[in-house]
Amino acid sequence: MPAASPLPFGRLDGRRALVTGGANGIGAAIVRGFAAAGATVVIADLDAMGAAALAREAGASAVRLDVSDTGQVHEAVATHGPFDILVNNAGIDQHAFFSDTTEQDWAKLIAVNLVSVLACTHAVLPAMQAAGFGRIINIASEAARLGSKGGAVYAAAKGGVISFTKSIARENARYGITANAITPGPIRTPMLEQAVAEGGDKLLRAMTDTTLLRRLGEPEEVAAAALFLASDQAAYITGETLGVSGGMGLGG
Ligand code: NAP
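Residues numbered from 1 in each chain as written. Predicted model: local features only at pLDDT ≥ 70, side-chain atom pairs only at ≥ 80, totals over all residues. Heavy atoms only, no water.

K.L.:
Quick rundown of the overall build of the protein chain? Include the residues and the values.
P.N.:
A tally of helices and strands in the protein chain yields 8 helices and 7 strands. Its C-alpha atoms give the protein chain a radius of gyration of 17 Å, near enough to 18 Å, the size a compact globule of 252 residues would have. Expressed as lengths along the three principal axes of its C-alpha atoms, the size of the protein chain is roughly 50 × 40 × 35 Å. Within the protein chain, the fraction of its 252 residues that count as buried is 47%. Sequence-distant contacts in the protein chain: of pairs separated by 6 or more residues, those separated by 24 or more amount to 71%. With an accessible surface of roughly 11900 Å², the protein chain has 57% of that area assigned to carbon and sulfur atoms. Across the protein chain, 19 positive and 23 negative side-chain charges occur, with their mean positions spaced 5 Å apart. (Helix = DSSP H or I, 4+ residues; strand = E, 2+ residues; numbered from the N terminus. Rg over C-alpha atoms; globule rule 2.2 N^0.38 Å. Buried < 20%, exposed > 50% of the residue type's maximum accessible area, 1.4 Å probe, protein only. Contact = heavy atoms within 4.5 Å. Areas by Shrake-Rupley, 256 points an atom, 1.4 Å probe, with all protein chains shown as cover. Lys, Arg positive; Asp, Glu negative; His and termini not counted. Charge placed at Lys NZ, Arg CZ, Asp CG, Glu CD.)

Structural data, given as structure tokens:
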């Protein structure tokens, strides 16, 4: 059943949101957007100084957290929760052909990009189930759908995020909890700037050429999709994967 009296379109008043990796890039845009929509936002990030500065600016609060450490995640959620909304956004990339990577590289990429999503979801679910309401939004990547030359393990981890999202949607529909994934294309963030610094203008052109719109996306364009999926108006959307990628993968 839909909420008895849904919040107005674009509003998150009274909702408590946890945004991982919220100090920079896409996560920071989500923090700003959710806070402006009236949510109480907790930023969980490795970058403690960046998180604290953004928390002051946006009227949020900040906690230093390594999302790949399941113990730390459960402690942070016990201290700062319960949450109505979880955005699993923290992630890392690494540019190397798979044959040049090591088992340590795989472990780190899978821990930060996939295990963190399991850990944070596991920590927030009991309170969401008890409340009969929840929104879980997982930031995956178009790399999961298309593959990535130089990012095979990253793409595999993000593919895992998409299938995990669907399972969580199936298991938790009965509790009024939705779970959806967003797959960004190339978005102008510190993560992408670092990749461009390593790969040069050729990589930047190659990335924009994969989009129909022939440009990078902005973090706010991903945040707008997250705000919609977190809203009461998205109550009938679950288990979906929403591309915010300028039409990546459609040719052109
Ligand atoms: P970003 O600019 O690098 O920001 C990521 C934030 O996550 C940083 O504040 C980072 O802290 C934090 N973080 C990294 N590892 C963490 C950990 N173990 N625990 C807690 N926080 C951690 O990245 P972004 O580009 O905004 O990416 C956000 C999400 O979108 C990621 O999941 C990424 O895979 C996905 N995505 C991005 C793009 C893109 O083009 N930008 C495309 C597709 C998908 P530090 O700065 O201290 O490392």
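Anyway, onward from the coordinates.
K.L.:
Give me the lowdown on the pattern of salt bridges, citing residues and values where you can.
P.N.:
Pairing between side chains of opposite charge can happen when their charged atoms approach one another. Following the criterion strictly, the structure yields 6 salt bridges and no others. As a salt-bridge pair, glutamate 57 and arginine 32 come within 2.7 Å of each other at their nearest N and O atoms. Pair noted here: glutamate 57 is in helix H2 (residues 48-58) and arginine 32 is in helix H1 (residues 25-36), with a separation of 25 residues, a long-range link. Of the residues examined, arginine 32 reaches a relative accessible area of 39% and is grouped as partly exposed. A salt bridge links arginine 215 to glutamate 221; its shortest N-O distance comes to 2.8 Å. (Salt bridge = Lys/Arg side-chain N within 4 Å of Asp/Glu carboxyl O.)

K.L.:
So, the nonpolar core: which residues are in play, and what are the values?
P.N.:
Counting residues in each nonpolar core, the largest one holds 32 residues, and the members touching the most others are Ile30, Phe34, Val41, Ile85, Val87, Ile137 and Ile182. For this core, the secondary structure elements donating two or more residues are strand S1 (16-20), H1, strand S2 (40-45), H2, strand S4 (85-88), strand S5 (134-139) and helix H8 (219-230). For this core, the element with the highest residue contribution is H1, accounting for 7 residues. Excluding its chain neighbours within four sequence positions, the residues that come into contact with isoleucine 85 are Leu12, Arg15, Arg16, Ala17, Leu18, Phe34, Met128, Arg135, Ile137 and Ala230. Counting residues in hydrophobic clusters, the runner-up holds 31 residues, among them Leu65, Phe83, Leu86 and Ile168. (Core = buried A, V, L, I, M, F, W, Y, C linked by side-chain atoms within 4.5 Å.)

K.L.:
Tell me about the packing of aromatic side chains, and please be specific about residues and values.
P.N.:
Throughout the structure, instances matching the rule amount to 1 aromatic pair. With centroids separated by 5.4 Å and ring planes inclined at 20 degrees, the aromatic side chains of phenylalanine 98 and tryptophan 106 adopt a geometry described as stacked. In this structure, arginine 15 packs its charged tip against the face of phenylalanine 133, placed 4.0 Å from the ring centre. (Phe/Tyr/Trp six-rings, centres within 6.5 Å; stacked < 30°, edge-to-face > 60°. Lys NZ or Arg CZ within 6 Å of the ring centre and 35° of its normal.)

K.L.:
Can you break down the site of the ligand residue by residue, with the values?
P.N.:
Close to the ligand lie 28 residues, the nearest being Asn24, Asn89, Tyr154, Lys158 and Thr189. In this structure, isoleucine 26 approaches the ligand through a main-chain N or O atom, which is 2.8 Å from an oxygen atom. Compared with its free state, where it exposes 890 Å², the ligand has 87% of that area covered by protein. Counting residues per element, the ones that place at least two in the shell around the ligand are H1, helix H6 (152-172) and helix H7 (190-209). Here the shell around the ligand is composed, by residue class, of 16 nonpolar, 8 polar and 4 charged. (Near = heavy atom within 4 Å. Polar contact = N/O pair within 3.5 Å; in protein donor to acceptor, adjacent residues only side chain to side chain. Nonpolar A, V, L, I, M, F, W, Y, C, P; charged D, E, K, R; others polar.)

K.L.:
If you had to explain the sheet that holds strand S3 (residues 61-64) to someone new, which residues and values would you point to?
P.N.:
Within the open sheet, the 7 strands sit side by side as S3-S2-S1-S4-S5-S6-S7. Their pairing is parallel. Bordering the open sheet on either side are S3 and strand S7 (241-244), each of which pairs with just one other strand. Strand after strand, the sheet turns through a mean of 20 degrees between neighbouring axes, direction not considered. Relative to S5, S4 runs parallel, the two being bridged by 4 bridges. Bridge pairing in S5 places valine 87 opposite isoleucine 137. Each of S4, S5, strand S6 (177-184) and S7 touches H8; the most contacted strand, S6, lies at about 165 degrees to it. (Pairing = 2+ DSSP bridges. Axes fitted to C-alpha atoms, helices over the stretch in contact; angles between N-to-C directions.)

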